[in-house]
Amino acid sequence: MAGTFYDQMAANRRNSFLLALAVVVILGALGFSIGYALTGDPAGGLGATLFAIAIGLVMSLGSYFVGDQIVLTVSGAKEVDEAATPQLFNVVREMTLAANVPMPRVYVIDDTAPNAFATGRDPAHASLAITTGLLEKLDREELQGVIGHEMSHVRNLDIRFSLIVGVLVGSIALLSDFFLRWTWWGGGPRSRSSDREGGGGALQAVMVVVAIVLAILAPIAARLVQLAVSRQREYLADASSVDLTRNPHGIERALAKIAADPEVLEVANRATQHLYFTNPIKKFEERSANLFSTHPPIVDRINRLRQLTGERPLAAAEVAPLAGLD
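Residues numbered from 1 in each chain as written. Predicted model: local features only at pLDDT ≥ 70, side-chain atom pairs only at ≥ 80, totals over all residues. Heavy atoms only, no water.

### Comments concerning the environment of Asp-81
Phase 1 of the analysis: Positionally, Asp-81 belongs in the loop between strand E1 (77–79) and helix H3 (86–99).
Phase 2 of the analysis: Counting along the chain gives 25 residues from Asp-81 to Val-106, while the straight-line C-alpha distance between them is 7.4 Å.
Phase 3 of the analysis: At 3.1 Å, the side chain of Asp-81 forms a polar contact with the backbone nitrogen of Ala-84. (Helix = DSSP H or I, 4+ residues; strand = E, 2+ residues; numbered from the N terminus. Polar contact = N/O pair within 3.5 Å; in protein donor to acceptor, adjacent residues only side chain to side chain.)

Shown next as structure tokens:
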């Protein structure tokens, strides 16, 4: 069983890094094609790639230092102390000791929808936000499973990893938008005289077409890869939570209860939904888009956990009874 557990964790990490590498490749290909299309020179392609990376670095610096506070403020999270939520602090302290990370700052979101998320640039600067609905609707074992999942995100450096991938995806969107606007307003490519005399102009024309196609498709592809990365890290955090709590049933029931809960988390939005324990945007909401789901299906997450214990997989219709709702 231990081999299965660590094999699953290793596979999730490997898949995450391969997907992140795919985003880097998309950014590099887009930068090079745009640079070549605009200048007709391979050196121009290299320069555009370096420019895209520079944009990513600037965006990273801003998000690295203030991104977590922006997320907490937008989410309406208020910091609390142990006197206000003693059981919550007790569970968080248990999980931080198990994960061997510093105690995070604890925040509460006044919302009846049960959910939680972790944010921050590293374990020493981590924050944990929990809704009042989560505290009211989950028992202690289920709360341990959720907190263990979130502290796993902190321990596994998922917050930093997601930040890097998100910045790369943002860089791709900015670069694509710049090129398409430049082309639309007649910026057009510039050819070297040597190219006009030879066959370089034809190659540049081809690169212009390639760059336009990539500028349209690259942001979509990068976003889909980003979502795939997010889903892999959720699987990893689920497995890591079992490692911390030594109890797969708490997180299983928590997943089932939260998935079946009809309450809508009003403060969540498309920019923050990937942070939460489960997708806070319900399928029946207008803001939902299943194609761009940030989380794996609940039944898939539960069944991956069941692989660790050798229990039979569940069908989708069996999730609600697991939560004790039928």
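Next comes the rest of the description.
### Quick look at the environment of Ile-258
Phase 1 of the analysis: Its place among the elements puts Ile-258 in helix H9 (residues 248–260).
Phase 2 of the analysis: Considering only alpha carbons, one finds Ile-258 and Gly-133, 125 residues apart in sequence, at a separation of 9.7 Å.
Phase 3 of the analysis: With residues up to four places along the chain from it excluded, the contact list for Ile-258 reads Pro-114, Leu-134, Leu-138, Val-146, Phe-277, Thr-278 and Lys-282. (Contact = heavy atoms within 4.5 Å.)

### Observations regarding the environment of Val-319
Phase 1 of the analysis: Here Val-319 is to be found in helix H11 (residues 319–322).
Phase 2 of the analysis: On the basis of relative accessible area, Val-319 is assigned to the buried category, the value being 11%.
Phase 3 of the analysis: Distance from Val-319 to Val-299, taken between C-alpha atoms, is 6.8 Å for residues 20 residues apart in sequence. (Buried < 20%, exposed > 50% of the residue type's maximum accessible area, 1.4 Å probe, protein only.)

### Description of the packing of helix H5 (residues 140–155) against H9
Phase 1 of the analysis: Running from N to C, H5 and H9 point in directions that differ by 90 degrees, and their axes come no closer than 7 Å. When the axis of H5 is compared with that of H9, the two are roughly perpendicular. Along the contact surface, H5 presents Glu-141, Glu-142, Gly-145, Val-146 and His-149, while H9 presents Gly-250, Ile-251, Arg-253, Ala-254, Lys-257 and Ile-258.
Phase 2 of the analysis: Class assignment of the residues belonging to the contact of H5 with H9 gives a composition of 4 nonpolar, 3 polar and 4 charged. (Axes fitted to C-alpha atoms, helices over the stretch in contact; angles between N-to-C directions. Parallel < 35°, antiparallel > 145°, perpendicular 65-115°, else oblique. Nonpolar A, V, L, I, M, F, W, Y, C, P; charged D, E, K, R; others polar.)

### Topic: the packing of aromatic side chains
Phase 1 of the analysis: This structure, assessed with the given rule, holds 2 aromatic pairs.
Phase 2 of the analysis: Ring geometry for Phe-32 against Tyr-36: centres 6.0 Å apart, planes inclined by 65 degrees, an arrangement best described as edge-to-face. With Phe-32 and Tyr-36 both in helix H1 (residues 2–39) and 4 residues apart, the pair spans about one turn of that helix.
Phase 3 of the analysis: Classification of Phe-32 by relative accessible area gives partly exposed; the value is 34%.
Phase 4 of the analysis: Ring geometry for Phe-117 against Tyr-276: centres 5.0 Å apart, planes inclined by 70 degrees, an arrangement best described as edge-to-face. With Phe-117 in strand E3 (residues 116–120) and Tyr-276 in the loop between H9 and helix H10 (298–309), this residue pair connects regions lying 159 residues apart in the sequence. For the pair Phe-117 and Tyr-276, a shared accessibility class is recorded, and that class is buried.
Phase 5 of the analysis: Above the plane of the ring of Phe-277 lies Arg-301, whose end atom (NZ or CZ) is 5.2 Å from the centre. (Phe/Tyr/Trp six-rings, centres within 6.5 Å; stacked < 30°, edge-to-face > 60°. Lys NZ or Arg CZ within 6 Å of the ring centre and 35° of its normal.)

### Considering the sheet that holds E3
Phase 1 of the analysis: The mixed open sheet is built from 4 strands, whose spatial order is E1-E2-E4-E3. The outermost strands of the open sheet, each flanked by one partner alone, are E1 and E3. Adjacent strand axes in the sheet meet at a mean angle of 30 degrees, parallel and antiparallel pairs treated alike.
Phase 2 of the analysis: Bridge count for strand E2 (residues 105–109) against strand E4 (residues 126–131) is 5 bridges, and the pairing is parallel. Of the residues in E4, the one forming a bridge with Tyr-107 is Ala-129. (Pairing = 2+ DSSP bridges.)

### Some thoughts on unusual backbone geometry
Phase 1 of the analysis: Within the chain, Asn-100 stands out as a residue other than glycine whose phi angle is a positive 60 degrees.
Phase 2 of the analysis: Mapped onto the secondary structure, Asn-100 falls in the loop between H3 and E2.
Phase 3 of the analysis: Positive phi values are uncommon outside glycine, yet Arg-246 reaches one of about 60 degrees.
Phase 4 of the analysis: You can see Arg-246 is positioned in the loop between helix H8 (200–245) and H9.
Phase 5 of the analysis: Here Arg-246 falls in the exposed class, since its relative accessible area comes to 66%.

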